[in-house]
Amino acid sequence: MELRHPRWTGVFAVAILASIAVPFVGVSGDQEPQGFNDRMFINYNLHQQYNLAEVEDEVARFEDFLYQNQDAFYIDAVYSYYTPSYAISTVLLKPDRPIKLSALMDQMREQFPKMLRSEPQFGFGGGGGEGVRVTLTGQSTDVLEGLAERFVPVIAGIEGLTDVRSETEAGQFEYLVRIDRERVHRLGLSSAQVARQVATALRGQRLRSFRGDPNGEIPMRVAFDKELEFSLEALQNLPVMQHQGRVVPLHAVASFEVQPRLGEIRRLDRRTSLAIQANLSDELPLNEARDKLNAALGQLSLPDGYTWSLDGSFQRQQEAENVMLVNTLLAVALIYIVMAALFESVLLPTAVITSLLFSIVGVFWALFLTGQSITVMAMIGILILMGIVVNNGIVLVDRINQLLAEGYELREAVIDGSVSRLRPILMTVATTVLGLLPLAFGTTQIGGDGPPYAPMAISIIGGLLLSTLTSLFLVPYVYVRLLWWRERWHALKQRASTMVSRVIAG
């Protein structure tokens, strides 16, 4: 059919390629984070830096709450890590739970106990990833903190985004001492002298080592009473100087304020940055979350020199897509080079490369019909699929070349070559598809808790089935059309050479 009706065959091929528009729009580009199915992370958001025993008590109390509800929350085990300023618990879940992770998180969140030193919150991303993150950048940290206060309620108002929190709300606070310069100056002191007095009270001051001991040098340090490091009242009553027979305390020359603080100041592209993070529920796809954030945040006005950008899961998805795109283009280039050396032609490998295009169409249709996302595992399946699809095309084109070398006419060589290679190609495809079916419909994951294999298997099966059905017709068609175009090109060159010769001779 394809040899007798080349135009209709070409229209049919273009229609198949154009049909990718339907699944391409319907297939989500969400990247499922590793460990999303069987674990969750709980950040404690400590209010300030405590001693290790106090943090241990805080974590132990929350672990007791989790284990008391172990059956209700489908908890298998809990592991915690903590320091004086940071604490996190990893909750391993039972694999056979009948509830979605997002619903389980809502149920647990409603029952979280009130903690004294912390505000427990699920780690961003549900499975320990970065989740949704909006990064504000600019010059002034104070301006960024003000912008974050405007952005947080807008982001929290988007349905499907939970646990919205900026870095300024991470639960850390600082005790700000504001020195009254005029009052200090009237007492004959300077702000620097008072600041050094406070620093000595809190940190002490190192002196020169004592070298008279026979055992070696002894480090010397002068310090105030330890109470100053833990008591705000003692710090406020710190003696600054003696004036007219009276001791002047710190609170007489300074004011005090407790305010939130950033744990660290981050810089992005040489500009100060501040992040707002949130968890993404199962019901809100990543692409839809991006659209809603762009629509909501695009209505907010920012001062000159200040911008916002989407990071976190959005950034990871973009990076994964870029890496896989480069890998795919590199794979196609290497396949073309190998086939060009095998066929001793730079034109004939194009006939085999066309089968790759139809395999990509099959991949998207398979993911669309099964409701899968184009995850990294699905992209890896595309790379594996290339090698399998190209093998079928190489076998077919090589057989046609052999028949042409034996003296067959082009039409007979194409028909006989396609018929003789039909059975081995179908057997190869059938064994590959049947071998991947258990993986496609199973729940196997990399390492037991990594990304599932199902999207990879579904991609290979869908691409292989469609490319096999189309390649048996369209690869020979493209092969014949390439030879026809090559003959026309040679004839055109010959005609032009003849005309040039006549002009020169005339």
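Since the model is a prediction, treat every value here as computed from it, not as a measurement. (Residues numbered from 1 in each chain as written. Predicted model: local features only at pLDDT ≥ 70, side-chain atom pairs only at ≥ 80, totals over all residues. Heavy atoms only, no water.)

### Observations concerning the overall build of the protein chain
The helix and strand inventory of the protein chain stands at 14 helices and 15 strands. A total of 506 residues make up the protein chain; the buried ones form 40% of that total. In the protein chain, the proportion of contacts linking residues at least 24 apart, taken out of those at least 6 apart, comes to 74%. Surface accessibility of the protein chain: about 28,500 Å² in total, with carbon and sulfur atoms responsible for 57%. (Helix = DSSP H or I, 4+ residues; strand = E, 2+ residues; numbered from the N terminus. Buried < 20%, exposed > 50% of the residue type's maximum accessible area, 1.4 Å probe, protein only. Contact = heavy atoms within 4.5 Å. Areas by Shrake-Rupley, 256 points an atom, 1.4 Å probe, with all protein chains shown as cover.)

### Describing the confidence of the model for the protein chain
The predicted coordinates of low-pLDDT regions are not to be read in fine detail. Of the residues in the protein chain, 90% reach a pLDDT of 70 or more, and the chain-wide mean stands at 79. In the model, residues 125-129 has pLDDT below 50 throughout and makes 19 contacts with residues more than four positions away in sequence or in other chains. (pLDDT = per-residue confidence, 0-100.)

### What about the pattern of salt bridges?
Applying the stated criterion across every chain yields a total of 4 salt bridges. When the shortest N-O distance is used, the salt bridge between D71 and K94 registers 3.8 Å. Of this pair, D71 sits in the loop between α3 (52-68) and β2 (75-83) while K94 sits in the loop between β3 (86-93) and α4 (101-111), placing them 23 residues apart in sequence. A relative accessible area of 60% places D71 in the exposed class. R109 serves as the salt-bridge partner of D106, at 2.7 Å between the closest nitrogen and oxygen. (Salt bridge = Lys/Arg side-chain N within 4 Å of Asp/Glu carboxyl O.)

### Some remarks on α4
All of the buried residues along α4 are L101, S102, L104, M105 and M108. With its buried residues spanning 155 degrees around the axis, α4 presents them on a single face. The inward-facing, buried residues of α4 contact β1 (39-43), α3, β3, β4 (121-122) and β14 (271-280). (Arc of directions from axis to C-beta.)

### Let's talk about the packing of aromatic side chains
Using the criterion set out here, one finds 8 aromatic pairs in the structure. Ring centres of F62 and F65 lie 5.6 Å apart, and the angle between their planes is 55 degrees; this geometry places the pair in the tilted category. Here F65 and F62 lie together in helix α3, a separation of 3 residues that amounts to about one turn. With respect to class, F62 is no different from F65; both count as buried. Here the aromatic cluster, defined as three or more aromatic residues joined through ring pairs, consists of Y44, F62, F65, F73, F112 and F122. (Phe/Tyr/Trp six-rings, centres within 6.5 Å; stacked < 30°, edge-to-face > 60°.)

### Description of the environment of L466
Counting through the fold element by element, L466 comes out in helix α14 (residues 454-505). The class for L466 is partly exposed, based on a relative accessible area of 23%. Considering only alpha carbons, one finds L466 and I16, 450 residues apart in sequence, at a separation of 9.8 Å. Filtering out sequence-adjacent residues up to four positions away, L466 remains in contact with F358, V361 and G362.

### Observations regarding the pairing of β2
A regular strand places its side chains so that they alternate between the two faces of the sheet. In this structure, β2 lies alongside β3, joined through 8 bridges in antiparallel fashion. Note on β3: the bridge partner recorded for Y79 is T90. (Pairing = 2+ DSSP bridges.)

### Focus: the nonpolar core
Among the nonpolar cores identified, the biggest contains 49 residues, and M339, F343, V352, L367, I374, V390 and Y479 are the most heavily contacted of them. If you list the elements that add at least two residues to this core, you get α10 (313-343), α11 (349-370), α12 (376-405), α13 (410-441) and α14. Among the elements that line this core, the one with the most residues is α14, at 14 residues. Beyond its immediate stretch of four places on either side in the chain, Y479 contacts L348, A351, V397, I400, N401, L404 and L410. (Core = buried A, V, L, I, M, F, W, Y, C linked by side-chain atoms within 4.5 Å.)

### Regarding the sheet that holds β2
The strand order across the open sheet formed by 4 strands is β2-β3-β1-β4, and the pairing between neighbours is antiparallel. Lying at the two open borders of the sheet, with one neighbouring strand each, are β2 and β4. When β1 meets β3, the two strands line up antiparallel, connected through 5 bridges. Within β3, the position partnered with I42 by the bridge is S89. Relative to the sheet, α3 contacts β1, β2 and β3, its axis offset from that of β2 by approximately 170 degrees. (Axes fitted to C-alpha atoms, helices over the stretch in contact; angles between N-to-C directions.)

### As for a nonpolar patch on the surface
Residues L207, F210, I218, M220 and V222 make up a contiguous nonpolar surface patch of about 410 Å² in total accessible area. Elements with a contribution of two residues or more to the nonpolar patch: β8 (205-210) and β9 (218-222). With 3 residues, the top contributor of residues to the nonpolar patch is β9. A relative accessible area of 44% places L207 in the partly exposed class. (Patch = residues over 30% accessible without salt bridge, like charges linked within 9 Å, V, L, I, M, F, W, Y side chains within 5 Å.)

### Side note on unusual backbone geometry
A positive phi is found at Y74, a non-glycine position, where the angle reads about 55 degrees. Along the chain, Y74 turns up in the loop between α3 and β2.

### Points about helix α5 (residues 141-156)
Between its terminal C-alpha atoms α5 stretches 22 Å, which fits the 22 Å expected from 16 residues at 1.5 Å a residue. For α5, the complete set of buried residues consists of T141, L144, L147, A148, F151, V152 and I155. Sitting at the amino-terminal end of α5 is S140, which places a side-chain oxygen 3.3 Å from the backbone nitrogen of D142. (Expected span 1.5 Å × (residues − 1). Polar contact = N/O pair within 3.5 Å; in protein donor to acceptor, adjacent residues only side chain to side chain.)

### So, the environment of L357
Checked against the element boundaries, L357 lands in helix α11. Along the backbone, L357 and L17 are 340 residues apart, and their C-alpha atoms lie at a distance of 7.5 Å.

### Describing the side chain of E58
Residue position: E58 is located in helix α3. Looking at E58, the relative accessible area reads 3%, which means it is buried. With sequence-adjacent residues up to four places away left out, E58 is seen in contact with Y44, M115, L116, R117 and S118.

### Looking at the side chain of S355
If you trace the backbone, S355 turns up in helix α11. Not counting chain neighbours up to four residues away, the residues in contact with S355 comprise V389, S467, S471 and V475.

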